[in-house]
Amino acid sequence: MTTTEGARRRPWARRAAAKAGPLPWLEAGSGLTDRERALLTAVHGLVGDDGLRAGELGRATYRRDASFLNADPLGVALPWTVEQTAAVVRACRDHGVPFTPRAAGTGLAGGATPTGEGGVRPLVVSVARMDRLRELDVTNRRAWVEPGLVNARLGRAAAVHGLRFAPDPASQIAATLGGNVSTNAGGIHVLTYGVMSQHVLAVELMDADGVVHLLDGTAPELAGIDLRGVSVGGEGTLGIVTGACLRLLPAPPSVGTMLAGFPSLRQAAAMVGDLVTSDRLPDAVELMDARAVGLVEGYANAGYPIDAAAVLLIEFEGLPHAVAAGIDTAEALAQANGATSVTRAQDAAERARIWKGRKAVAGAIAKRAPDFFLQDVVVPRSRLGEMLDAVVAIGERERLEILNVVHAGDGNLHPFVLFDRREQGVLDRVFAAGHDIVTTALDLDGTVTGEHGVGIEKRDFLSQVFSEDDLAVQRAVREAIEPSGLANPDKVLPSTVGCLEARMVPEGAWV
Ligand SMILES: Cc1cc2nc3c(=O)[nH]c(=O)nc-3n(C[C@H](O)[C@H](O)[C@H](O)COP(=O)(O)OP(=O)(O)OC[C@H]3O[C@@H](n4cnc5c(N)ncnc54)[C@H](O)[C@@H]3O)c2cc1C
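The model shown is predicted, which means the values in this text are computed figures rather than measured ones.

S.K.: Sorry, what's going on with the overall build of the protein here?
M.R.: Broken down by element type, the protein carries 17 helices and 20 strands. Against the compact-globule benchmark of 24 Å for 511 residues, the protein has a radius of gyration of 23 Å, which places it among compact chains. Projected onto its principal axes, the C-alpha coordinates of the protein cover approximately 70 × 60 × 45 Å. The contacts of the protein with a sequence gap of at least 6 include a subset with a gap of at least 24, amounting to 75%.

S.K.: What should I look at first to understand the site of the ligand in this one?
M.R.: Surrounding the ligand, one finds 38 residues, the nearest of these being Gly107, Gly111, Gly178, Gly179 and Gly236. Looking at the shell around the ligand, the elements with two or more residues in it are β4 (99-102), α6 (177-183) and β11 (240-247). At five residues, the largest contribution of residues to the shell around the ligand is made by α6. The residue makeup of the shell around the ligand includes at least three contributed by each of domain 1 (2-126) and domain 2 (133-250).

S.K.: It is not clear to me how the sheet that holds strand β2 (residues 52-53) should be interpreted in this structure. Could you clarify?
M.R.: Strand-to-strand pairing in sheets goes through backbone hydrogen bonds, with the strands running parallel or antiparallel. Spatially, β2-β3-β5-β4 is the arrangement adopted by the four strands of the open sheet, whose pairing is mixed. Each edge of the sheet is formed by a strand with only one pairing partner; in this case those strands are β2 and β4. Pairing analysis gives four bridges linking β4 to strand β5 (residues 123-126), with the strands arranged parallel. Directly across from Arg102, in β5, lies its bridge partner Ser126. Helix α2 (residues 34-47) contacts β2, β3 (75-77) and β5 of the sheet and is inclined by roughly 25 degrees relative to β3. Helix α4 (residues 82-95) rests against β3, β4 and β5 of the sheet, and its axis sits at about 165 degrees to β5.

S.K.: Where do I start with unusual backbone geometry in this structure?
M.R.: Glycine aside, the phi torsion of most residues is negative, and most peptide linkages are trans. Located in the positive-phi region is Asn301, a residue other than glycine, with phi close to 45 degrees. Structurally, Asn301 is set in the loop between α10 (290-300) and β15 (310-318).

S.K.: What exactly am I supposed to notice about helix α14 (residues 384-397) here?
M.R.: Helical periodicity: at 3.6 residues per turn, an α-helix aligns residues three or four positions apart in one direction. The terminal C-alpha atoms of α14, which comprises 14 residues, lie 20 Å apart, in line with the 20 Å expected from a rise of 1.5 Å per residue. Three or more residues of α14 are buried, namely Leu384, Met387, Leu388, Ala390, Val391, Ile394 and Gly395. The buried residues of α14 occupy an angular sector of 160 degrees when the element is viewed end-on, so they sit on one face. Pointing more than 90 degrees away from the buried face of α14 are the exposed residues Ala393, Glu396 and Arg397. Each element contacted by the buried residues of α14 is listed here: α9 (265-276), β19 (401-407), β20 (412-419) and α15 (426-443). Just beyond α14, the residue with positive phi is Arg399, at close to 50 degrees.

Thresholds applied
Residues numbered from 1 in each chain as written. Predicted model: local features only at pLDDT ≥ 70, side-chain atom pairs only at ≥ 80, totals over all residues. Helix = DSSP H or I, 4+ residues; strand = E, 2+ residues; numbered from the N terminus. Rg over C-alpha atoms; globule rule 2.2 N^0.38 Å. Contact = placed C-beta atoms within 7 Å. Near = placed C-beta within 6 Å. Domains from an automatic or database assignment. Pairing = 2+ DSSP bridges. Axes fitted to C-alpha atoms, helices over the stretch in contact; angles between N-to-C directions. Expected span 1.5 Å × (residues − 1). Buried ≥ 20, exposed ≤ 12 C-beta atoms within 10 Å, placed from the backbone. Arc of directions from axis to C-beta.

On their own, these measurements won't tell you what the molecule is for.
Here is the structure:
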């Protein structure tokens with residue numbers, strides 16, 4: 001059976017190209033170069049007033065993603081269709097102007113921040129308006145989606161048919177599937193279901209000539225080199241993802257969720273190790289430290305033990321007897337590791353309450369501090385305890401409040417560094433803490449990102465992860481797929497024209 005979501009009404013799409021109001025940003029004295037003016041005029045002709053933001057206010061929203069890295073774009077194109085997108089991209093090519101693909105802008109590594117090398121400001125090309133669920137193929141358990149479709153919307157549509165889309169980033173109510181494909185996003189259930197790349201069957205990738213290439217893997221077995229796999233996680237550097245075919249899985253018949261409190265971070269970390277090496281592998285293991293628990297409890301009333309130094313949220317999915325056996329095993333291991341409290345969710349409402357706390361972290365922080373900087377590093381599970389201790393020490397040294405939220409099952413830490421940008425000199429301490437968290441993870445045989453991507457923020461760390469030969473191969477692959485170099489040019493791979501120091505500044509230009 002195949003279903004398609006009803007076409008949404010798009011009155012603006014029809015009007016867009018025809019309407020041409022006054023264009024103050026084109027007038028003499030607007031500071032545009034001839035090339036910039038020519039490109040904006042061409043793009044305006046393609047997408048109309050409604051599809052182009054080139055004034056100061058219109059550009060301001062697109063200066064940055066959810067990170068602090070920010071830069072002023074030349075303008076922002078908001079096409080409604082693949083054809084419009086292709087025409088916009090071709091205009092960029094014809095005028096030699098780079099473009100930055102963008103979706104919901106929830107990225108945390110500056111991937112959608114419109115930086116341009118050599119002082120050429122890029123055009124942001126937003127895919128947010130291309131947000132239809134093209135086809136939900138229940139029989140073959142897959143969905144064709146447009147890139148701007150929000151992750152949670154696919155989940156809801158699949159659930160109607162007893163199916164699920166497994167990748168569940170905490171940002172899933174806002175982040176798009178095109179963004180998820182482009183960052184190879186992860187989520188809470190990565191432990192058994194894997195990251196996005198395991199759920200992408202085919203990618204439609206538009207190059208800088210506006211040509212869409214179907215990188216297909218929908219056949220049961222793949223022949224040849226897996227270009228679809230290469231394209232996942234491209235962070236906009238390989239072109240624009242204009243569509244994707246995603247794998248759907250049967251919804252689990254039964255789910256069991258448990259919350260356990262521990263007297264120390266080390267004991268919680270030891271429990272994670274015991275759990276994932278036991279004969280009952282959970283589907284999710286999340287760790288939150290006392291600071292995170294305290295904040296969340298005051299905000300979401302999730303029922304977390306506020307006297308614990310750390311809590312673990314553990315979930316099993318599957319047949320009822322296997323789930324029950326998993327929860328029994330987890331409870332026994334928790335007791336053996338000195339747990340001070342264990343709560344088993346008795347019903348769906350209790351389960352939702354437990355997860356509500358985990359998903360409310362970013363919101364809860366807003367009550368505590370006006371700003372946060374969210375890190376993303378990975379260490380081998382066996383080194384989780386050491387890494388957590390190091391984060392605590394870094395926070396003390398830099399006199400910063402850091403709370404830890406960890407996809408513990410796969411060793412992916414998200415330290416949230418809280419601060420108030422109005423405090424004199426605080427940014428230097430925040431960046432020093434962020435830097436030290438990454439280098440500590442590398443020292444512990446970890447790596448620089450688990451799921452948020454490289455963007456600009458982690459770009460120059462890649463030289464510590466890969467050899468020059470490895471990086472040369474990656475550059476060669478990128479050049480083979482996107483030879484123009486116009487697609488998100490200075491992201492992901494370290495610059496060969498000198499190490500550009502990325503600065504995260506709340507306001508002002510990226511330098
Ligand atoms: C509170 C919070 C929680 C988060 N939790 C998680 C989590 O659990 N797991 C996780 O993995 N991430 C998480 N993130 C990070 C973020 O949500 C993901 O990286 C997400 O995949 C980005 O999607 P987006 O639609 O916002 O993309 P954007 O931020 O708009 O773009 C991200 C990158 O992808 C590129 N891009 C976007 N769309 C396209 C396209 N169609 N074609 C080519 N390139 C494109 C951009 O150029 C950029 O490099 C979280 C973020 C926040 C703010």
